[in-house]
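Residue-level listing of the chains:
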Amino acid sequence: MHPAPRTLRRAVAAATVALLATAVGCAPQPEEKASATSSGPAAKTCAKGKLATKTSGKLTIATDEPAYEPWFKDGKPANGQGFESAVAYAVAKRLGYDKSAVVWQSVPFNKAFAPGVKSFDFDINQVSISDERKKAVDFSSGYYDVRQAVIALKGGKAAKATSIADLRELKLGAQVGTTSLEYIDDLVKPTRQAAVFGKNDQVKSALKNGQVDAVVTDLPTAFYITAAEVTDAKIVGQFENRGGAPEQFGLVLDKGSALTSCVTAAVDALREDGTLAGIEKRWLSEAVDAPVLK
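Calculation notes
- Residues numbered from 1 in each chain as written.
- Predicted model: local features only at pLDDT ≥ 70, side-chain atom pairs only at ≥ 80, totals over all residues.
- Heavy atoms only, no water.
- Helix = DSSP H or I, 4+ residues; strand = E, 2+ residues; numbered from the N terminus.
- Expected span 1.5 Å × (residues − 1).
- Buried < 20%, exposed > 50% of the residue type's maximum accessible area, 1.4 Å probe, protein only.
- Contact = heavy atoms within 4.5 Å.
- Core = buried A, V, L, I, M, F, W, Y, C linked by side-chain atoms within 4.5 Å.
- Pairing = 2+ DSSP bridges.
- Phe/Tyr/Trp six-rings, centres within 6.5 Å; stacked < 30°, edge-to-face > 60°.
- Lys NZ or Arg CZ within 6 Å of the ring centre and 35° of its normal.
- 1 Å grid on protein atoms, 1.4 Å probe; cavity = no way out; pocket = protein on both sides within 12 Å on 5 of 7 lines; lining within 4 Å.
- Points joined across faces, edges and corners; volume = space filled by probe spheres on them.
- Salt bridge = Lys/Arg side-chain N within 4 Å of Asp/Glu carboxyl O.

A. Summary view of helix α3 (residues 83-95). For α3, which comprises 13 residues, the first-to-last C-alpha distance of 18 Å matches the rise-based estimate of 18 Å (1.5 Å per residue) to within 8%. With respect to burial, α3 is a largely interior element, 11 of its 13 residues being buried. For α3, every residue scored as buried is listed here: Phe 83, Glu 84, Ser 85, Ala 86, Val 87, Ala 88, Tyr 89, Ala 90, Val 91, Ala 92 and Leu 95.

B. Inspection of the environment of Thr 60 at higher detail. With respect to the secondary-structure elements, Thr 60 resides in strand β1 (residues 59-63). Residue Thr 60 is classed as buried on the basis of its relative accessible area, which comes to 6%. With 42 residues separating them in the primary sequence, Thr 60 and Val 102 have C-alpha atoms 6.0 Å apart. When sequence neighbours within four positions are dropped, the list of residues in contact with Thr 60 reads Lys 54, Val 103, Gln 105, Ser 119, Phe 120, Asp 121 and Phe 122.

C. Structural view of the nonpolar core. Counting 37 residues, the largest nonpolar core has Phe 83, Val 91, Leu 95, Ile 124 and Tyr 143 as the members making the most contacts within it. Of all the elements in the fold, those that place two or more residues in this core are β1, α3, β2 (102-106), β4 (137-146), β10 (247-254), α9 (260-272) and α10 (275-283). Sorting elements by how many residues they give to this core places α3 first, with 9 residues. Setting aside anything within four residues of it in sequence, one finds Ile 124 in contact with Ile 61, Ala 62, Thr 63, Phe 72, Glu 84, Val 87, Ala 88, Trp 104, Tyr 143 and Leu 251. Within the second largest apolar cluster, 19 residues are counted, among which are Ala 161, Ala 174, Ile 184 and Leu 293.

D. Broad picture of the pairing of strand β9 (residues 233-239). Burial analysis of β9 places 6 of its 7 residues in the buried class, the great majority of the element. Note: strand β5 (residues 148-153) against β9, 5 bridges, orientation antiparallel. Bridge pairing links Ile 151 to Ile 235 in β9. Summarising the sheet, β9 and strand β11 (residues 292-293) pair through 2 bridges and their orientation is parallel. The residue bridging Phe 239 from the neighbouring strand is Leu 293, located in β11.

E. Quick peek at the packing of aromatic side chains. Per the stated rule, a full pass over the model turns up 11 aromatic pairs. When the centroid spacing of 6.3 Å and the interplanar angle of 50° are considered together, the rings of Tyr 143 and Phe 249 count as tilted. Residue Tyr 143 is located in strand β4, and its partner Phe 249 is located in strand β10; the two are separated by 106 residues in the primary sequence. Assigned by exposure class, Tyr 143 and Phe 249 land together as buried. With a centroid separation of 5.9 Å and an interplanar angle of 40°, the aromatic rings of Tyr 144 and Phe 249 are classed as tilted. Of this pair, Tyr 144 sits in strand β4 while Phe 249 sits in strand β10, and the two are 105 residues apart along the sequence. With a relative accessible area of 1%, Phe 249 lands in the buried category. Three or more aromatic residues link up through ring pairs in this structure, and these residues are Trp 71, Phe 83, Tyr 143, Tyr 144 and Phe 249. The ring of Tyr 89 carries Lys 99 above its face, with NZ or CZ at 5.2 Å from the centroid. Above the plane of the ring of Phe 113 lies Arg 133, whose end atom (NZ or CZ) is 4.2 Å from the centre.

F. Molecular detail of empty space enclosed by the protein. Evaluated as defined, the whole model comprises 1 cavity of 30 Å³ or more. In this structure, the largest cavity encloses a volume near 260 Å³. Lining the largest cavity are 20 residues, with Gln 126, Gln 175, Thr 178, Ser 180 and Asp 218 positioned closest to its centre. Secondary-structure elements contributing two or more residues to the lining of the largest cavity are α6 (179-188), α7 (200-208), β8 (214-218) and β10. Ranked by the residues each element gives to the lining of the largest cavity, the list is headed by β8, at 3 residues.

G. Summary view of the pattern of salt bridges. Across all of its chains, the model carries 10 salt bridges by this definition. The residue Lys 135 makes a salt bridge to Glu 132 at a minimum N-O spacing of 3.1 Å. Judged on exposure class, the residue Lys 135 and its partner Glu 132 are both exposed. Residues joined by salt bridges that share partners form a network here, namely Asp 201, Lys 204 and Glu 229.

H. A look at unusual backbone geometry. With an omega of 0°, the peptide bond running from Glu 65 to Pro 66 counts as cis. Tracing the backbone through its elements, the reader meets Pro 66 in the loop between β1 and α3. With an omega of 5°, the peptide bond running from Glu 69 to Pro 70 counts as cis. The residue Pro 70 is located in the loop between β1 and α3 in this model. Not every positive phi belongs to a glycine, and Gln 126 is a case in point at roughly 55°.

See below:
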């Protein structure tokens, strides 16, 4: 015996409602906007204090030895004093690592951005970001905009230079592998081959001892050298940035590191909230008074 027409219609309607409810329950829901507490893949990658670091629960940061002022204080990167030490700990904190979880490691300047697997999570050592270096390592976004400067003894023949042309006949010097040396070779193009030194201390000694007429360093280092270390020297001037884009220091990471995006996000956040500007104001000399050499 078949159901009455009305009974059949009611049964079909009930079944349809049940199917629709099931379909709605199984349908993809609108994605919620990612948040700091999200458990999605991106959040897990940069989970505070739980990054895929070289040592679980620790953040290994490298720099050269000795560590120079004004970037570090008293040659001790771990004390939090000096511009780069302060920046390193600010980045660490943003990533979820307090001071006790930071491990410092000594790595020579040139090895920091040389090809090969790194033993550190990131290196901070006034390493300028460049396309050439990016072939071997990753960089964070820039944490400091820098210019290069020329230093000479006050009584020396380089002291009166007012242009790049005035430097071309002089004996110039800089640390190996640095942007400073690139500026000598590519911008000044001196008639005499530049003197190249392995360490910044050797650069300063060469200036003191008259082995060179002038040396090139980044501007904050030049201010510190002339104010505290070679007080009979002066800043002759600074160079304009090549190509109009600012030269920037960046944190160095392994090529293809899983940490690069997290570290970059930390640096960007510190710039946006004014932390980097505050650290710069405290530790680095004002560079506005150095004349520009053209």
